[in-house]
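# Descriptive structure summary
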Amino acid sequence: MPPVITCIDDLKQLYKKRTPKMFYDYCESGSYTEQTFTENTTDFAKIRLRQRVARDLTGRSTEVSMLGSPVAMPVALSPVGSTGMQWPDGEIKAARAAAAFGVPFTLSTMSICSIEDIAEHSPTPFWFQLYVMKDEDFVDAIIERARAAKCSALVLTLDLQILGQRHKDMKNGLTSPPRLTIPNMINMATKPAWSLAMARTPRRTFRNIVGHVKGVTDLADLTKWANEQFDPMLDWGKVRRIRDQWGGKLILKGILDADDARMAADVGADAMIVSNHGGRQLDGALSSIRVLPSIVRAVGDQTEVYMDGGIRSGQDVLKALAMGAKSTFIGRSFIYGLGAMGQAGVTKALEVIQKELDISMALCGVQKAAQISREHVLVPKDFEGEWV
C-alpha cells in the first residue's frame, strides 16, 4: 500500500529512508551548534492562531500575487544547492511540480541540472538565484544565460560571501563535489532506488559551472574553483551594478536586519527575502520569523517582503503572512517530498501546505490569503525581544 501522507513530517520520514545519509544530512543540518537552524522552526510555535467563528467561509482562496503575477498560494520554492543529488534530475522534477501547481521555482547557481536543462523541461518561466563569484566573466555569462532562458526574476543571495561551517557536511565528506568515502558508498548501496535512478541520468555534476568556466572541465577542477570563488567583496555597489546589468525583476535574499532591509529597498530591489540561509551560515542569528516584523516596519510598502526559514506547514505560512510577509519560501519542505517520492513528492508537499493553509484560514475566519493580517494571530509581548 502507498504510504498515507498527512503532513510534511511524513515526507521527511520517507525521505530519510530513501536518500543517502550524506545528502539527508546536507538538508537537515545547520552550522555550528544549529541554534538558528532549530529556532527557525521552534519560534513559529510561540505564535498562536486566533480562532474566529460565525463567519462566511465560502469562496475561500489561497491565491496571492508575487512580483505582480498570481500564484496559487503564498509559497515559492527556495533555491537549494545540489537538489539533483537529493533525487536524480531533482531540479527538473521540482520545477515541473511547481509549474503545474502554480508557484515559483528558484534554481540555485550550485544546481546539478543547468539553467538550460530547466528551460528545456519546465513549461513556465522560473527564477534564477545568483551567487556572486570572483570570476566576473562567469557572473556576466550566467546572468546572460538566465536572460536567454527567459528567467522572470533574479534572486541575488547576499549571505554567502564566506561559507559557514557545517559539521555534518565536513564529517560526511560533502564537499563540492562529494567525496566518495567507503562509508558513503556503503550507505548509497542501501538506497537502491536512488542509486539506480542516479545511474540512468547524465546529470551528476554542477552543470551551471562545469563546461562554462575556463579551466573547469571535471569535478577535480570544480573543487578547486568553487573553494576559491565566493566573493568576499560583494557590497551594495556591486548589487547596484548587477541590478543594472540584469535589468529585470530583482529579489535580494539573506536580509536579516532592518538597516540592511532599508539598503536593499534603496538599491531598488523589487522584493527581499528575510532569510538566514536556513541556519546554515551565522549560527546564533535570530530566526527569520522573529526578525520579520522589524524588517516589514523598516521598508513599509517600498518593496515586497518574503520570508524563508522554518516553514513546515500551512499554519506556518499563515503566521508568516500575519507577521507581515507578502509570501513565503520553502526549501527543506519540498526537498523532503523530492527525496521521498520524486516529482510526486514535491507536489504532495505543496498540496499538504495548501490544504493546511486553507483549513487554518477558515478556522481563523479568513476567506482570502491576501486578507491575512496581524489580527489573526496572538503574539507574545516579548516575541521580538529587547536586544542591546
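Source: prediction; values computed, not measured.

Counting secondary structure elements, the protein chain contains 17 helices and twelve strands. Against the compact-globule benchmark of 21 Å for 388 residues, the protein chain has a radius of gyration of 20 Å, which places it among compact chains. The principal-axis extent of the C-alpha atoms belonging to the protein chain is close to 65 × 55 × 45 Å. Taking all 388 residues of the protein chain together, the buried fraction comes to 56%. In the protein chain, once contacts between residues fewer than 6 apart in sequence are set aside, the share between residues at least 24 apart is 74%.

The subject of this paragraph is the packing of helix α1 (residues 8-18) against helix α16 (residues 332-341). Look at α1 against α16: their axes get within 7 Å of each other, and the N-to-C directions meet at 50°. Considering their axes alone, α1 and α16 lie oblique with respect to each other. Seen from above, α1 lies across α16 with left-handed handedness. In this structure, α1 uses I8, L11, K12, L14, Y15 and R18 to contact α16, whose residues at the interface are S333, I335, Y336, G337, G339, A340 and M341. Across the contact of α1 with α16, the residue classes tally to eight nonpolar, three polar and two charged.

This paragraph deals with the pattern of salt bridges. Counted by the stated rule, this structure contains 17 salt bridges. Linking D259 and R262 is a salt bridge whose minimum nitrogen-to-oxygen distance equals 2.7 Å. Note that D259 and R262 are positioned in helix α13 (residues 258-266) at a spacing of three residues, about one turn of the helix. Exposure remark for R262: the relative accessible area of 38% places this residue in the partly exposed category. A salt bridge links R297 to E384; the nearest nitrogen and oxygen atoms lie 2.9 Å apart.

The rules behind each value
Counting restarts for each chain, with residues numbered from 1 along the sequence as it is written. In view of the model being predicted, local features appear only for residues whose pLDDT reaches at least 70, and side-chain atom pairs are presented and counted only at 80 or more, with totals across whole chains, interfaces and linings using the full set of residues. The side-chain numbers reported here are obtained from all heavy atoms of the structure, hydrogens and water having been left aside. Only runs of H or I of at least four residues qualify as helices and only runs of E of at least two qualify as strands under DSSP, and these elements are numbered from the N terminus. Using C-alpha atoms as the atom set, the radius of gyration is obtained and then compared with a globule rule of 2.2 Å times the number of residues to the power 0.38. With a 1.4 Å probe rolled over the protein chains alone, any residue whose accessible area is under 20% of its type maximum counts as buried; one over 50% counts as exposed, and the rest are partly exposed. Between two residues, a contact is recorded if the distance between any of their heavy atoms is within 4.5 Å. Fitting a line to C-alpha atoms yields each axis, with helices limited to the stretch in contact; the angle taken between N-to-C directions then spans 0 to 180 degrees. Under this scheme an angle from 65 to 115 degrees is roughly perpendicular, one under 35 degrees roughly parallel, and one over 145 degrees roughly antiparallel; angles in between are oblique. Definitions for this section: a left-handed crossing has its near helix turned counterclockwise from the far helix by less than a right angle. A right-handed crossing has that turn clockwise. Charged residues are taken to be Asp, Glu, Lys and Arg, nonpolar residues to be Ala, Val, Leu, Ile, Met, Phe, Trp, Tyr, Cys and Pro, and polar residues to be all remaining types, Gly included. Each salt bridge in this description consists of a side-chain nitrogen of Lys or Arg and a carboxyl oxygen of Asp or Glu lying within 4 Å of one another.

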